[in-house]
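# Residue-level structure breakdown
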Amino acid sequence: MTTAEMLELDRLREEVAQWRARFDAATKRNALFANSGHVVEPLYTALDIAGDAAAAEVPGEFPFTRGIHPTGYRGKLWTMRQFAGFGTAPETNARYKYLLSQGQTGLSVAFDFPTLMGYDSDHPRSEGEVGKCGVAISSLADMETLFEGIPLDKVSVSMTINGPAVILFAFYVAAAEKQGAVAAELRGTIQNDILKEYMAQHAWVYPIEPALRLIVDNFAWSAEHVPLWNTISISGYHIREAGATAAQELAFTLADGFTYVERGIARGLDVDDFAPRLSFFWDIHNDFFEEIAKLRAARRIWARHMRERFGAKDTRSLIMRFHSQTAGVTLTAQQPMNNIVRVAYQAMAAVLGGTQSLHTNSMDETLALPTEQAVEVALRTQQVLAYETGVPNVADPLGGSYYVEALTDKLESEAEALFTKIEEVGGVVRGLETGWLQRQISESSSRQQWEVEQRRRTIVGVNDFVTDEGELTIPLLKVGAEAEREQRSRMAAMRASRDDALVKLRLAALRDAAKTDANLMPLILDCARAYCTLYEIRAAMEEVFGAYREPVFF
Amino acid sequence: MPQSFDALIADFEAGKMAALARAISIVENHRTGYDELMTRLHPRIGRAQRLGMTGPPGAGKSTITNLIVQSLRRDNLRVGVVAVDPSSPFTGGALLGDRVRMEAVALDPGVYIRSMATRGSLGGLSARTAEVADVLDAFGFDRIIIETVGVGQTELDIARTADTTVVVLVPESGDSIQTLKAGVMEIADIFVVNKGDRPGADRLRNDIELMLGLRRGATSANIPAHHGIPLKTFNPIRIARDAARSENPEEWLPAVLGTIASKGEGIDLLLAAVDRHFRYLQTSGGLKGRRRNRLKNQVTEVVAERLRARLWEDPDTITWLDTQLDLMEAGTATPFSVADELLSRSGPLLTGVKP
Amino acid sequence: MRPIRVLVAKPGLDGHDRGAKVVAAALRDAGMEVIYTGLHQTPEMIATAAIQEDVDVVGLSILSGAHMTLIPRVLDLLRDDGREDILVTGGGIIPREDMDALEARGTGRLFGPGTPTSELVEYIHNWFEAREAQTA
């Protein structure tokens, strides 16, 4: 720093001291001036970022704080990717065609609970749940129907599936094959982030080690056969929704990511062979600036660790590409129109944070899956943002903001401190086994709940500005029992028409291979092509791997 | 919905789970008619083997209990489990989280699980737990497992109501012999060091065996004290292991076992040790002794309970006591003279016979 | 008065337990004895637990849309074992008209998202006191 600069800072220090005196003397509102983790200062100045190297950064250059592409959004806008799925495959197929016609640029599949947990629609445990929270997919036949008339070599598809992810991925690849698409051209993502399931979302099937094995099998197999496919979407969304703070979301998600990288390397894979296809998924919560800073810090931390710790050389291994979703947990059932506003602000934060892909929630989602009208507004929210606000015109427009840079630094150092703590408890997997990670989240969640119930945090329409609404007056989507009935007959038809001998053969081969350390992807794909059902394939591996038993932590 | 006792007992004897649950609630809360209920069940009590599981939180007791239950079920034995968890001293509420760890047996008709809270009772908890165990015994369970957390005095008392007490420890909770509460070493019939794959597990087992061996060695008449100990031949750990393995000991030396409950390892050996202990109790007369003790304790409890109800809830007694306060203040009476007079006045009250 | 015993259960395949755990903790803080069943419970498992533990209240948390199948099943199982006196309450993502239908079917009051836990606590306390007064 030059003498002139030092003098400049001294002068500023004096100014700030004067401002502080006036601030302290003035009357202030009684409110909680805090983001998810901390009370924030009322003012940030150059003093807060003095000496900060970030000032010299540009987008597209290591460590990518300001963005992963030199072009920002001028090269390509973010993908408008609305998560959708309900009922049976034909119904969801219709919704996808509608969304594509309305300008959605990528598809995102929501599966129902039975599918998420690896149960067929006609399994006893599925009763009452088929098609309620997403689309029911029990075999290749359903997957073919889901994308009927939608060319899979032209559209990128993201599938939110974890426990049985590799099975659904096999259905997808086989469905694309049937369409005549080339696997090497398939673009999309499977979420397949099992660590956060044990931590937060709880949609697991197998115990931790076999689950990690399947994920690395997929890293290796996809690198060779589906090289444009994102093999994993390392997620903070669910961790945040479970009650974590922004710093915890940041640290736990990245720690999960590093664990997957370690496992890939342990398998003997070259980091630059699979890391380029790792992607991320962040929650976009209420505190506008905290979320922007979080995303910037995330890019910076990932790049540094990948290069310095794992020796990645390919730029594509260093850049954090991510999808975002506006925070479901911030939506309210009371005065649901307010949700449109919340989602708009959150969407703007996501874009200012440089997201590659975005889902905006619909206003009615605290009560049901979205109606066509509600989802249209959600999509328009992104389109207005993209085309009318001017926000995408400049890359990282908040770069250089005293507040945002200071907050980025702060979240980065908090994440690093949490990485150290995670190491101390033995790493992510140990942290899950002992419940340490779950307890961190649970404590944050309780604290936030308390803040809301004590009315220290205002939720408009819920604990303040309440109206005596009586009944809710927006129309809601209803998914009835017809989906289940229809699925049962679809499945009966499929079972009747398939080659049973082949099914048995393929499942036996898979089961046997699961006992070895062979890569299971090709065998799962063979089962998919033979129209083995989701549960049949899952059960074959479960015989060898066992099932996960939840250790309950409060 | 209140049921007549006859209907309840009829359902109970018919093996209806809902009736068992209701009976336990009556007993647990000492509701009106509980003594009549216990009286009617009395002839059916005494068949079951009772196993106590205790140890600090996080040791894996529930996991081990779950595995034990599954093993017993494979032998076609019916099992009742009482899982005791602490009540909050501030709110009086409790989160009873043991049942959730036994999901594998949740729908097995041969298994019954009941969660109880300590309810902050100063003593009395072990009595209540013993009574609940009696009800399960009367219902016909072959094995009753009483699981409690912690190694506080209350938990130790509860464990005493069992025939065999297992104390589960883990290396990483900082357990070392020195930090264990006094009394734990004495009540354990079997020690289990769980999470045997963690560092420190072997050392903890050795420490326990050493302590047990020293105790046994120190009481053995053949070993000279202090400087005269022939170190080459005096091997406390060997003494401990030999004694624990002996089929016909005069005295039971606690077995020290290792388990890895998360992998299901060591449970068979644990159950074998429990069986061995039970046989020892039978042949040594210890079983009879423990059961007689339980009965004696129960009488003490009931007497204390009746005393409280008859004496201290009697309005005339309270009134009379108030009149004595002035005398005590003036010095013409002392608490002792007042107490003696109270007792001699209260004959009819205590016997429950109206004058 | 003895503590109120409550079974907090997650029926079905939905794995989101934050709400159930917040409720369980709140009930504990209000002096109740809470037995938490864990995730992925079938109606049979819930009814068995409720009866064995002789609870006063069963609280069901469902966010998966399967409430019209699972909640009536729990009611039926409790009734079959003679325990229709147990209060079945709960909440989650249940539209108003379904809540009405379920309440008509035999549940107690059901609660939507955003309900303060204090409201649930008060409801259970009032119900319990009224019942104790009746049977006294």
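Residues numbered from 1 in each chain as written. Chains lettered and ligands numbered in written order. Predicted model: local features only at pLDDT ≥ 70, side-chain atom pairs only at ≥ 80, totals over all residues.

### Here we look at the overall build of chain A
This is how the line gets drawn: Strands here are runs of E lasting at least two residues and helices are runs of H or I lasting at least four, both read from the DSSP assignment and numbered beginning at the N terminus. Atoms counted for the radius of gyration: C-alpha only. Globule rule: 2.2 Å times the number of residues to the power 0.38. The exposure label follows from counting other C-beta atoms within 10 Å of a residue's C-beta, where the C-beta atoms are placed from the backbone and the thresholds are 20 or more for buried and 12 or fewer for exposed, leaving partly exposed in between. We call two residues in contact whenever the C-beta atoms placed from their backbones are within 7 Å.
Tallying secondary structure elements over chain A gives 21 helices and ten strands in all. For chain A, the C-alpha radius of gyration of 24 Å lies close to 24 Å, the compact-globule estimate for 554 residues. Overall, chain A is about 85 × 60 × 45 Å in size when its C-alpha atoms are taken along their principal axes. Counting the 554 residues in chain A, one finds 50% classified as buried. For chain A, restricting intrachain contacts to residue pairs at least 6 apart in sequence, the fraction spanning at least 24 positions comes to 78%.

### A look at the overall build of chain C
Secondary structure summary: chain C contains five helices and five strands in total. Its C-alpha atoms give chain C a radius of gyration of 14 Å, within 12% of the compact-globule value 14 Å for 136 residues. Overall, the C-alpha framework of chain C stretches about 40 × 30 × 25 Å when taken along its three principal axes. Of the contacts formed within chain C by residues at least 6 apart in sequence, a portion of 72% connects residues at least 24 apart.

### Quick look at the interface of chain B and chain C
Defined as follows: Throughout this entry, Asp, Glu, Lys and Arg are counted as charged residues, while Ala, Val, Leu, Ile, Met, Phe, Trp, Tyr, Cys and Pro are counted as nonpolar. The remaining residues, Gly among them, count as polar.
The partner chain C presents 28 residues to the 27 residues of chain B that form the contact. Mapped by element, the contributors of at least two residues to the side of chain B that touches chain C are α2 (17-28), β3 (94-96) and β4 (111-117) of chain B. Here the side of chain B that touches chain C gets six residues from one element, more than from any other, and that element is α2(B). Each residue belonging to the side of chain B that touches chain C can be placed in one class, and the counts come to 15 nonpolar, eight polar and four charged.

### Observations regarding the sheet that holds β3(B)
In plain terms, the rule: Strands are labelled as partners when DSSP assigns at least two bridges between them. The convention used is that axes are lines fitted to C-alpha atoms, helices contributing only their stretch in contact, and that angles between N-to-C directions extend from 0 to 180 degrees.
With respect to topology, six strands assemble into an open sheet ordered β3(B)-β2(C)-β1(C)-β3(C)-β4(C)-β5(C), the strand pairing being parallel. The open sheet has two edge strands, β3 of chain B together with β5 (110-111) of chain C, and neither has a second partner. Relative to strand β3 (residues 57-62) of chain C, strand β1 (residues 5-9) of chain C is paired through four bridges, and the arrangement is parallel. In the sheet register, V8(C) faces β3(C), and the bridge partner there is G59(C). Where helix α2 (residues 43-52) of chain C meets the sheet, its contacts fall on β1, β2 (33-36) and β3 of chain C, and the angle it forms with β1(C) comes to roughly 165°. Running over the sheet, helix α3 (residues 67-80) of chain C touches β3 and β4 (87-92) of chain C and is turned about 165° from β3(C).

### Things to note about the environment of T135(C)
Among the secondary structure elements, T135(C) is positioned in helix α5 (residues 117-135). A tally of 8 C-beta atoms within 10 Å means that T135(C) is categorised as exposed.

### Thoughts on the nonpolar core
What counts, and what does not: Connectivity within a nonpolar core runs through C-beta atoms within 7 Å, and the core itself is a set of buried Ala, Val, Leu, Ile, Met, Phe, Trp, Tyr and Cys residues. Where each domain begins and ends follows an automated or database-derived domain assignment.
Membership of the largest hydrophobic core comes to 272 residues, with the highest contact counts inside it found for F171(A), I524(A), V34(C) and V58(C). The element contributing the most residues to this core is helix α5 (residues 165-179) of chain A, with twelve residues. Inspection of this core shows a minimum of three residues originating in each of domain 1 (1-40) and domain 2 (45-294) of chain B. For F171(A), the residues in contact, after removing those within four places along its chain, are I137(A), S139(A), L140(A), M143(A) and A528(A).

### Describing the interface of chain A and chain C
Across the contact, 33 residues belong to chain A and 26 residues belong to chain C. Mapped by element, the contributors of at least two residues to the side of chain A that touches chain C are α3 (113-116) and α17 (436-453) of chain A. Examining the composition of the side of chain A that touches chain C, we find that five residues originate from one element, α17(A), more than from any other. Its residues assigned to classes, the side of chain A that touches chain C shows 15 nonpolar, eleven polar and seven charged.

### A few points about helix α6 (residues 194-201) of chain A
Residue and element names in this part refer to chain A. Counting buried residues in α6 gives eight out of eight residues, a clear majority hidden from the surface. Along α6, the positions that sit buried rather than exposed are I194, L195, K196, E197, Y198, M199, A200 and Q201. Next to the buried residues of α6 lie α7 (208-225), β7 (232-235), α8 (237-241), α9 (246-266), α16 (428-434) and α17.

### Things to note about unusual backbone geometry
Residues and elements named next belong to chain A. For the bond from F62 to P63, the omega torsion is 0°, close enough to zero to count as cis. On the secondary structure map, P63 appears in the loop between α1 (3-25) and β1 (79-80). Positive phi values are uncommon outside glycine, yet Q335 reaches one of about 50°. With respect to the helices, strands and loops of the structure, Q335 is situated in the loop between β9 (322-326) and α13 (338-352). Judged by the 16 C-beta atoms lying within 10 Å of it, Q335 falls in the partly exposed class.

### Description of the packing of α7(A) against α9(A)
Residues and elements named next belong to chain A. To be explicit about the condition: Each angle gets one of four labels, with under 35 degrees taken as roughly parallel, over 145 as roughly antiparallel, 65 to 115 as roughly perpendicular, and the rest as oblique. For a crossing to be left-handed, the near helix must be turned anticlockwise from the far one by less than a right angle; the clockwise case is right-handed.
Following both chains from N to C, one finds α7 and α9 inclined at 70°, their axes separated by 10 Å at the closest point. Of the possible angle classes, the one that applies to α7 and α9 is roughly perpendicular. Where α7 crosses over α9, the two elements pack in a sense that is right-handed. Each of L212, I215, V216 and F219 in α7 lies in contact with α9, whose residues at this interface are Y260, R263 and G264. Residue composition of the contact of α7 with α9, grouped by class: five nonpolar, one polar and one charged.

### So, the packing of α3(C) against helix α4 (residues 96-105) of chain C
All names here are of chain C. Remark: α3 packs on α4, axes separated minimally by 11 Å, with the N-to-C direction vectors making an angle of 15°. Taken together, the axes of α3 and α4 lie roughly parallel to each other. Judged by the twist between their axes, the crossing of α3 over α4 is right-handed. Here H67, M68, I71, P72 and L75 of α3 come into contact with α4, specifically with D98, L102 and R105. A breakdown of the residues in the contact of α3 with α4 according to their chemical character gives five nonpolar, one polar and two charged.

### Brief notes about the pairing of β4(B)
Residues and elements named next belong to chain B. With respect to burial, β4 is a largely interior element, seven of its seven residues being buried. Because side chains alternate across β4, one face comprises the buried residues V111, I113, S115 and A117, and the other comprises Y112, R114 and M116, equally buried. Bridge count between strand β2 (residues 79-85) and β4: seven bridges; the pairing is parallel. Looking at the pairing, V79 lines up with V111 of β4.

### Some words on the sheet that holds β7(A)
Residues and elements named next belong to chain A. Judged by pairing direction, the sheet is parallel, and its five strands sit side by side in the order β1-β10-β9-β8-β7 without closing on themselves. Of all the strands in the sheet, the pair left with one neighbour each is β1 and β7. Strand direction decides the pairing type here: strand β8 (residues 278-284) and β9, joined by five bridges, are parallel. Among the inter-strand pairings, I284 is bridged to a residue of β9, identified as T326. Here α9 sits on the sheet and contacts β7 and β8; the angle it forms with β7, its principal contact strand, is near 145°.

### Focus on the pairing of β2(B)
All names here are of chain B. Burial of β2 is extensive: seven of the seven residues sit out of reach of the surface. What you see with β2 is no split at all: V79, V81, A83 and D85 on one side and G80, V82 and V84 on the other are buried throughout. By the bridge criterion, six bridges tie β2 to strand β5 (residues 143-148) in an arrangement that is parallel. Along β5, the bridge assignment pairs V81 with I145.

### Examining the environment of G128(A)
Locating G128(A) in the fold gives a position in the loop between α3 and α4 (140-146). For the pair G128(A) and L369(A), spaced 241 residues apart in the sequence, the C-alpha separation amounts to 16 Å. Not counting chain neighbours up to four residues away, the residues in contact with G128(A) comprise G12(C), A66(C), M68(C), T69(C) and L70(C).

### Quick word on the environment of W252(B)
Residue and element names in this part refer to chain B. Tracing the sequence through the fold places W252 in the loop between α9 (236-245) and β8 (255-258). We classify W252 as partly exposed; it has 18 C-beta atoms within 10 Å. The spatial distance from the C-alpha of W252 to the C-alpha of Y280 is 7.5 Å, given a sequence separation of 28 residues. In contact with W252, other than residues within four places in its own chain, are D189, H277 and Y280.

### What about the confidence of the model for chain C?
The following threshold applies: Note: pLDDT gives the predictor's confidence per residue, expressed from 0 to 100.
Summarising the model, chain C shows a mean pLDDT of 93, and 99% of its residues fall at 70 or more. In the model output, the complex is listed with pTM 0.87 alongside ipTM 0.94.

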